[in-house]
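# Per-entry structural report
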Amino acid sequence: MRRQLAQLGGGSGGGGGGGSGLGLSAEALVGGLTGVVFQLVVYPADLVKARLMTQDGVQARVVARRILREGGLRGFYRGASVTILRAFVINAAGWPALKLAQRHLGII
């Protein structure tokens, strides 16, 4: 079954990609893009949380409205480029490492 899945995935199944059939570079790309998507979803809430921590007695809804009023939807992503780049790099390295460890432990 693994061999058939590896053939469908276009890889050899043993190319360092962790047994999923993807090569190392494909696994790194998958990991990196996963990190980017995660940050795109989470960053606005994290920004609101960070601003809440610096202001006493203000509700999250008030902070979110202020960000929206001052910068529009783009305001929720101000400063996100560094965080997104960091997420890509960390997850591009971490995902293949996780898959490799799982393969060696016999989990996948």
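Residues numbered from 1 in each chain as written. Predicted model: local features only at pLDDT ≥ 70, side-chain atom pairs only at ≥ 80, totals over all residues. Heavy atoms only, no water.

### So, the overall build of the protein
Within the protein, the secondary structure is distributed over four helices and zero strands. The order of α-helices and β-strands along the protein, N terminus first, is α-α-α-α. Expressed as a percentage of its 108 residues, the buried residues of the protein come to 23%. Roughly 7,400 Å² of accessible area belongs to the protein as shown, and the carbon and sulfur atoms make up 63% of that amount. (Helix = DSSP H or I, 4+ residues; strand = E, 2+ residues; numbered from the N terminus. Buried < 20%, exposed > 50% of the residue type's maximum accessible area, 1.4 Å probe, protein only. Areas by Shrake-Rupley, 256 points an atom, 1.4 Å probe, with all protein chains shown as cover.)

### Comments concerning the pattern of salt bridges
All chains considered together, the criterion is met by one salt bridge. Between aspartate 46 and lysine 49 there is a salt bridge, with the nearest N and O atoms lying 3.3 Å from each other. Taken together, the positions of aspartate 46 and lysine 49, both in helix α2 (residues 24–54) and three residues apart, correspond to about one turn of that helix. Residue aspartate 46 is classed as partly exposed on the basis of its relative accessible area, which comes to 36%. You can call lysine 49 partly exposed: its relative accessible area is 42%. (Salt bridge = Lys/Arg side-chain N within 4 Å of Asp/Glu carboxyl O.)

### Re α2
An ideal rise of 1.5 Å per residue puts 45 Å on 31 residues; α2 measures up with 42 Å between its terminal C-alpha atoms. Valine 42 marks where α2 bends most, by close to 45°; the proline proline 44 follows one to four residues later. Listed as buried for α2 are Glu27, Gly31, Gly32, Gly35, Val36, Gln39, Tyr43, Pro44, Leu47 and Val48. Those residues of α2 hidden inside the fold are in contact with α3 (60–75) and α4 (80–105). (Expected span 1.5 Å × (residues − 1). Bend = angle between axes of the 7 residues up to and from the residue. Contact = heavy atoms within 4.5 Å.)

### Description of the packing of aromatic side chains
Counted under the stated rule, the structure contains one aromatic pair. Centre to centre, the rings of tyrosine 43 and tyrosine 77 are 6.4 Å apart; their planes meet at 15°, and the pair counts as stacked. Taken together, the positions of tyrosine 43 in helix α2 and tyrosine 77 in the loop between α3 and α4 put the pair 34 residues apart, joining distant regions of the chain. For tyrosine 43, a relative accessible area of 10% translates into the label buried. Taking the relative accessible area as the measure of exposure, tyrosine 77 reaches 35% and is therefore partly exposed. (Phe/Tyr/Trp six-rings, centres within 6.5 Å; stacked < 30°, edge-to-face > 60°.)

### Section: α4
Spanning 26 residues, α4 covers 36 Å between terminal C-alpha atoms, matching the ideal 38 Å at 1.5 Å per step. Residues of α4 that are buried in the fold lie against α2. After α4 finishes, the residue glycine 106 shows a positive phi value of roughly 80°.

Remember, this is a structural readout, not a statement about activity or role.
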